[in-house]
Amino acid sequence: LWRAFMLAGDQREIQRYRRELAQRSLFDALMERLDGESAEARAHLITAQIMGLVLLLWVDEDPALIALSPAELIDLYAPSLQRLIDGVDAPGTTAG
């Protein structure tokens, strides 16, 4: 079902629904927890990263990603998400 939903992305109604789903399920929760001047931008970027991973894993069934164990995926993917969560703008600095 998720695959069909994502593949139907060329239809405007499906695109709108997908944005609303991402907004409700990810972005809003992130906005409640993130702080600093760039919190909104970081929430959008985190949402984009997670939705991109979902797309590649469950829709495109990317063989390289599927081949990773959950631990490997977390080890490789988590640092970029954590950087956005923490609000690090550049090496040695933090947002806020």
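All of the points below concern the structure found in this document. (Residues numbered from 1 in each chain as written. Predicted model: local features only at pLDDT ≥ 70, side-chain atom pairs only at ≥ 80, totals over all residues. Heavy atoms only, no water.)

Some points on the pattern of salt bridges
Next, step 1: Following the criterion strictly, the structure yields 1 salt bridge and no others.
Next, step 2: Linking Arg 33 and Glu 32 is a salt bridge whose minimum nitrogen-to-oxygen distance equals 3.8 Å. In this pair, the class of Arg 33 matches that of Glu 32, namely exposed. (Salt bridge = Lys/Arg side-chain N within 4 Å of Asp/Glu carboxyl O. Buried < 20%, exposed > 50% of the residue type's maximum accessible area, 1.4 Å probe, protein only.)

A short note on the nonpolar core
As a rule of thumb, soluble globular proteins bury nonpolar side chains together.
Next, step 1: In this structure, Phe 27, Leu 30, Leu 34, Ala 39, Ala 43, Ile 46, Leu 81 and Leu 84 together form the largest nonpolar core, which totals 8 residues.
Next, step 2: Residue assignment for this core shows that the elements contributing at least two residues are helix H2 (12-33), helix H3 (39-59) and helix H5 (70-86).
Next, step 3: It is H3 that contributes the most residues to this core, 3 residues altogether.
Next, step 4: With residues up to four places along the chain from it excluded, the contact list for Leu 81 reads Ile 46, Gln 49 and Ile 50. (Core = buried A, V, L, I, M, F, W, Y, C linked by side-chain atoms within 4.5 Å. Helix = DSSP H or I, 4+ residues; strand = E, 2+ residues; numbered from the N terminus. Contact = heavy atoms within 4.5 Å.)

Some details on H5
Next, step 1: For H5, with 17 residues, the first-to-last C-alpha span of 23 Å sits near the 24 Å given by 1.5 Å per residue.
Next, step 2: Maximum bend of H5: about 40 degrees, positioned at Ala 78, with proline Pro 79 one to four residues after it.
Next, step 3: Its buried side turned inward, H5 meets H3 and helix H4 (63-66).
Next, step 4: Of the residues trailing H5, Gly 87 is marked for its positive phi of about 85 degrees. (Expected span 1.5 Å × (residues − 1). Bend = angle between axes of the 7 residues up to and from the residue.)

The values are spatial; any link to function lies outside them.
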